Amino acid sequence: MIEETFGRTSHMATRYRKNPQTAGRIVDGLAFVVTPGQNKLHTLNASGTLLWRLARDADEGVSLDEAVSALVEAFEVDEETARRDAEHCFRDLVEREILVAEG
Amino acid sequence: MHASPAEIGFSIAGVDVLLRGSPGAIPLGGFYAACPLQGRDLGVVIDFRFDSEMTRDREPWPGHPAFSQRLACGDAVELRRFDAEGLVRLPGTRGEPLRARFRAAPKVHAVEAAVRACASMALPPRGALILHASAVEAGGGAHIFAGVSGAGKSTLAHMLESGLPGCRRLSDELTVAAAQGGRWMLHVPPFIGGEGLPHGAESPIATLQFLEKAPIHERRALGAAAATQQLLRHILAYASHPETAGQILDLACALTGEVPCSVLAFRRDLGVANVIGIT
């Protein structure tokens, strides 16, 4: 119970921010992000672009719950689907060093 | 290879480069003399110091010929490949030059590879990009053909020049696209491997085409996102520094937004000229 509480608390507090070492631009609704450390170009899909934009535009970054709400509104999907997509997307963006997770 | 003086000045798309080394040590292989220093207000934009080291004259590593790169302290980028290694300091302010110091094998390709890498960092702040692309000039405009190695860039440019009166080959492999005075201009850089090209020439860019080999000729217009994605694959970019990466992205978006872009599928015959529209 304690672990579950701690785990949930920790997860809820995580905020995702743009990796300051990256550069990105949105063209026709798709984000192009360069991770300079790897000199690699990443082209994000529509949901990836939305989450990247949220993370880029908010000084304090974006939480999973905020991302889920944005996905539900933008793509008219149910919350469960949006949460699954957001979790997968954030994990991928962090692995690729496009976003950083804090908290 | 010719012995050279201790210092050579030349220009890439109006960006002045000063290449310095010990007397007689700079191996000349490019067409630098065809592009003398411009001496514009900017002054020297790339200050490149070269030290010759015989021990670096060795077999290529896997991944040749690209440099590996990493950010060093400050605004410096470290570049390494089998025959050259150096440190590039990006300008701290707009008036400063990019300063590079390399130790390299006394070979033209080693030195010029380093010069090209430096140019790929110095040109974007001046509104220019180096593209892996060939080009021809016809009807007063330049048609750029970008593609991976083996896509037919050089083949297409040679075929059009030899088969169409009034068509002039501008480049085979590397081309500079620069935003100038509200339009995009192509510049022919003075790099090695460009025999018979009009080094230093410039021409307004009419089209940008991404090559695909195919059994038929076909040209498909690209939207902004698809064109940008294609273009970014064909830019010579050493973008370890986020600011450089951002400048390259901005220029790529501007170029694809202002110049008609398409995929050009072609086979090896002159019928492709009709599809390009330069008959």
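1. Structural notes on the confidence of the model for chain A
Low pLDDT marks stretches whose predicted atomic positions should not be read closely.
Consideration 1: Per-residue confidence for chain A gives a mean pLDDT of 88; residues scoring 70 or more make up 88%.
Consideration 2: Throughout residues 1-11 of chain A the model reports pLDDT below 50, and contacts reaching past four residues in sequence, or to other chains, amount to two contacts.

2. Observations regarding the pairing of strand 4 (residues 68-71) of chain B
All names here are of chain B.
Consideration 1: Direction of pairing for strand 4 relative to strand 5 (residues 76-81): antiparallel, over a ladder of four bridges. Following the sheet pairing, glutamine 69 is matched in strand 5 by leucine 79.
Consideration 2: If you look at the hairpin formed by strand 4 and strand 5, you'll find four residues sitting between the two strands, and glycine 74 has a positive phi there, around 65°.

3. Quick word on the interface of chain B and chain A
Consideration 1: Contacts between the two partners involve 18 residues from chain B and, on the opposite side, 15 residues from chain A.
Consideration 2: Looking at the side of chain B facing chain A, the largest losses of area belong to Ala225, Pro242 and Leu249 of chain B, adding up to 35% of the total buried there.
Consideration 3: Joining chain B to chain A, the criterion identifies one salt bridge.
Consideration 4: The closest approach of N and O atoms between aspartate 250 of chain B and arginine 25 of chain A, which form a salt bridge, is 2.4 Å.
Consideration 5: Where chain B meets chain A, there are three residue pairs in polar contact (both at pLDDT 80 or more).
Consideration 6: Here the side of chain B that touches chain A gets six residues from one element, more than from any other, and that element is helix 4 (residues 242-258) of chain B.
Consideration 7: Residues that form the side of chain B that touches chain A fall into these classes: eleven nonpolar, six polar and one charged.

4. Some words on the sheet that holds strand 3 (residues 30-35) of chain A
Residue and element names in this part refer to chain A.
Consideration 1: The strand order across the open sheet built from three strands is 2-3-4, with neighbouring strands paired in antiparallel fashion. Of all the strands in the sheet, just strand 2 (23-27) and strand 4 (40-43) have a single pairing partner and so form its edges. Going across the sheet, the axis of each strand differs from the next one's by a mean of 20°, ignoring polarity.
Consideration 2: In this sheet, strand 4 lies alongside strand 3 in antiparallel orientation, the contact comprising four bridges.

5. A short note on the state of the cysteines
Residue and element names in this part refer to chain B.
Consideration 1: Enumeration according to the criterion identifies zero disulfides over all chains in this entry.
Consideration 2: Cysteine 35 takes part in no disulfide bond, and the closest cysteine sulfur, belonging to cysteine 118, lies 17 Å away.
Consideration 3: The thiol sulfur of cysteine 167 is not disulfide-bonded, and the nearest other cysteine sulfur, from cysteine 261, lies at 19 Å.
Consideration 4: A residue is classified by how much of its surface remains accessible, and cysteine 167, at 8% relative accessible area, is buried.

6. Some details on the pattern of salt bridges
Consideration 1: One pass over the full model with this rule turns up 26 salt bridges over all chains.
Consideration 2: Two residues, aspartate 92 of chain A and arginine 96 of chain A, come together in a salt bridge whose shortest N-O distance is 2.8 Å.
Consideration 3: A single network of salt bridges, built from pairs that share partners, joins Glu53, Arg56, Arg80, Glu85 and Arg103 of chain B.

7. A look at the sheet that holds strand 1 (residues 7-12) of chain B
Across a sheet, strands are paired by hydrogen bonds formed along the backbone, either parallel or antiparallel in direction.
All names here are of chain B.
Consideration 1: A sheet is described by the order of its strands in space; here seven strands give the open sequence 1-2-3-7-6-5-4, paired in mixed fashion. This sheet does not close on itself; its edge strands, each paired only once, are strand 1 and strand 4. For this sheet, the mean angle separating the axes of adjacent strands, direction not counted, is 20°.
Consideration 2: Across the sheet, helix 1 (residues 108-122) lies against strand 1, strand 2 (15-20), strand 3 (44-52), strand 5, strand 6 (84-89) and strand 7 (98-104), angled at about 155° from strand 3, the strand it touches most.

8. Digging into unusual backbone geometry
Residue and element names in this part refer to chain A.
Consideration 1: Although it is not a glycine, aspartate 28 sits at a positive phi angle of roughly 50°.
Consideration 2: Inspection of the secondary structure assignment puts aspartate 28 in the loop between strand 2 and strand 3.
Consideration 3: You can call aspartate 28 exposed: its relative accessible area is 59%.
Consideration 4: Even without glycine at this site, glutamate 97 takes up a positive phi of about 65°.
Consideration 5: As for its placement among the helices and strands, glutamate 97 is situated in the loop between helix 4 (79-95) and strand 6 (99-102).
Consideration 6: For glutamate 97, a relative accessible area of 44% translates into the label partly exposed.

9. Description of the side chain of arginine 56 of chain B
Residue and element names in this part refer to chain B.
Consideration 1: The topology assignment puts arginine 56 in the loop between strand 3 and strand 4.
Consideration 2: In terms of polar contacts, arginine 56 uses its side chain to reach the side chain of glutamate 53, at 2.8 Å.
Consideration 3: Once residues within four sequence positions are removed from consideration, arginine 56 is found in contact with Phe82, Asp83, Ala84, Glu85, Arg103, Ala104 and Ala105.

10. Observations regarding helix 2 (residues 46-57) of chain A
Consideration 1: Look at helix 2 of chain A: 16 Å from first C-alpha to last across twelve residues, which is about the 16 Å you get at 1.5 Å a residue.
Consideration 2: Restricting attention to buried positions, one finds in helix 2 of chain A the residues Ser47, Gly48, Thr49, Leu50, Leu51, Trp52 and Ala55 of chain A.

Calculation notes
- Residues numbered from 1 in each chain as written.
- Chains lettered and ligands numbered in written order.
- Predicted model: local features only at pLDDT ≥ 70, side-chain atom pairs only at ≥ 80, totals over all residues.
- Heavy atoms only, no water.
- pLDDT = per-residue confidence, 0-100.
- Contact = heavy atoms within 4.5 Å.
- Pairing = 2+ DSSP bridges.
- Helix = DSSP H or I, 4+ residues; strand = E, 2+ residues; numbered from the N terminus.
- Buried area = accessible area lost by both parts, 1.4 Å probe.
- Salt bridge = Lys/Arg side-chain N within 4 Å of Asp/Glu carboxyl O.
- Polar contact = N/O pair within 3.5 Å; in protein donor to acceptor, adjacent residues only side chain to side chain.
- Nonpolar A, V, L, I, M, F, W, Y, C, P; charged D, E, K, R; others polar.
- Axes fitted to C-alpha atoms, helices over the stretch in contact; angles between N-to-C directions.
- Disulfide = S-S within 2.5 Å.
- Buried < 20%, exposed > 50% of the residue type's maximum accessible area, 1.4 Å probe, protein only.
- Expected span 1.5 Å × (residues − 1).

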